[in-house]
Amino acid sequence: MSDQARPLAEVLAAAKRAIAFTGAGISTESGIPDFRGPQGIWTKIDPADFTLENYLYNDEHRRRIWRFRLENKGARYEPNAGHRALADLERLGVLDCVVTQNIDGLHIEAGNTTVLELHGHGRSVRCLGCGDEHPSGEILERVRAGDDDPHCTRCGGLLKSATISFGEPLPAHVVDESFARAEACDVCLVVGSSLVVYPAAGIPLAAVRAGARLAIVNEEPTPLDGEAELVIRGRAGSILTDAIAAVREMLGVQ
Ligand code: NAD
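Residues numbered from 1 in each chain as written. Predicted model: local features only at pLDDT ≥ 70, side-chain atom pairs only at ≥ 80, totals over all residues. Heavy atoms only, no water.

Turning next to the site of the ligand. By nearness alone, 26 residues border the ligand, and Phe 35, Gln 101, Asp 104, His 119 and Ser 194 come closest of all. A distance of 3.4 Å separates an oxygen atom of the ligand from a polar atom in the backbone of Gly 192. For the ligand, the accessible surface in isolation is 860 Å², of which the surrounding protein chains cover 95%. Taken together, the residues of the shell around the ligand break down into seven nonpolar, 12 polar and seven charged. (Near = heavy atom within 4 Å. Polar contact = N/O pair within 3.5 Å; in protein donor to acceptor, adjacent residues only side chain to side chain. Areas by Shrake-Rupley, 256 points an atom, 1.4 Å probe, with all protein chains shown as cover. Nonpolar A, V, L, I, M, F, W, Y, C, P; charged D, E, K, R; others polar.)

See below:
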């Protein structure tokens, strides 16, 4: 076990109600690039491309997005050791929920049952007019068949993946529930987030303000490091695996 994992295990084993707050960094070990890390997506493409305005008013941009989604449909990403460790922490009765900025659905696949997806998810496609929702695969089949900018068959409105673009409001009920759970937790474990995107980054801050202990696992420094009791600089998969194994030992669970 790494020296870093033991203090984290001690904090987690003492928790009555912990929450995990995760960002793109927990999924890089599954092969999905983050945004702001040294190999991040922002080093290759322009973030301005992902605005709601661009999606609404630029037909060519929408076609590009649908083409990109179709081409990447076959890409299969699996939960990694970090996701699995957080699912284990829930099974141990330590973790109340995962609040995530990720849209990849990997926490749910790993087995966490309460996952608050602040930035939506890629499992479905929603009509921006009437709100009608469809599984993503169904709409991608239409794109494959030649409908390169699919619209709603019910109201003619624009269809968009149920992920949140820049300039688009976050789902209010998910944000409210995330803040409520953060304010009620006694430990907030942040994993793989640069903590610069608001309001999401306000969630761990709200936990600290309400008296929770804050632990941060990230490869790079974050603006909230000064608020944390524990900052562990390194890769999430091995650190969380070691820490959760030690929590098991401390709780006397096989
Ligand atoms: P970010 O890209 O801003 O920051 C990721 C952080 O994780 C970086 O500080 C990086 O150093 C760290 N990191 C990378 N790999 C790591 C590892 N193996 N272990 C520990 N730390 C690691 O990501 P963010 O804070 O989530 O915010 C950006 C936005 O990115 C979010 O809004 C999210 O919706 C979106 N996003 C999601 C995905 C996904 O769903 N997997 C992928 C890319 C971006």
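Moving on, we get to the sheet that holds strand E8 (residues 213-218). The strand order across the open sheet formed by six strands is E3-E2-E1-E7-E8-E9, and the pairing between neighbours is parallel. The outermost strands of the open sheet, each flanked by one partner alone, are strand E3 (115-117) and strand E9 (230-233). Adjacent strand axes in the sheet meet at a mean angle of 15 degrees when their direction is disregarded. Relative to strand E2 (residues 95-100), strand E1 (residues 18-22) is paired through five bridges, and the arrangement is parallel. Bridge pairing in E2 places Ala 18 opposite Leu 95. Across the face of the sheet, helix H4 (residues 81-91) comes into contact with E1, E2 and strand E7 (187-191) while running at roughly 145 degrees to E2. (Pairing = 2+ DSSP bridges. Helix = DSSP H or I, 4+ residues; strand = E, 2+ residues; numbered from the N terminus. Axes fitted to C-alpha atoms, helices over the stretch in contact; angles between N-to-C directions. Contact = heavy atoms within 4.5 Å.)

Membership of the largest hydrophobic core comes to 30 residues, with the highest contact counts inside it found for Leu 8, Leu 12, Leu 86, Leu 89, Leu 189 and Leu 240. Looking at this core, the elements that each hand over two or more residues are helix H1 (5-13), E1, H4, E2, E7, E8, E9 and helix H9 (236-251). Discounting chain neighbours no more than four positions away, the residues touching Leu 86 are Ala 20, Thr 22, Ile 26, Leu 95, His 107, Asn 112, Leu 189 and Leu 240. With 25 residues, the next largest nonpolar core counts Val 174, Ile 203, Ile 216 and Ala 228 among its residues. (Core = buried A, V, L, I, M, F, W, Y, C linked by side-chain atoms within 4.5 Å. Buried < 20%, exposed > 50% of the residue type's maximum accessible area, 1.4 Å probe, protein only.)

This paragraph deals with the packing of H4 against H9. Where H4 meets H9, the closest approach of the two axes is 8 Å, and the angle between their N-to-C directions is 25 degrees. Considered as vectors, H4 and H9 are oriented roughly parallel to each other. For the crossing formed where H4 meets H9, the hand is left-handed. Contact residues: H4 offers Ala 81, Gly 82, Ala 85, Leu 86, Asp 88 and Leu 89, while H9 offers Gly 237, Leu 240, Thr 241, Ile 244, Val 247 and Arg 248. Broken down by class, the residue content of the contact of H4 with H9 amounts to seven nonpolar, three polar and two charged. (Parallel < 35°, antiparallel > 145°, perpendicular 65-115°, else oblique. Left-handed = near helix turned anticlockwise from the far one by under 90°.)

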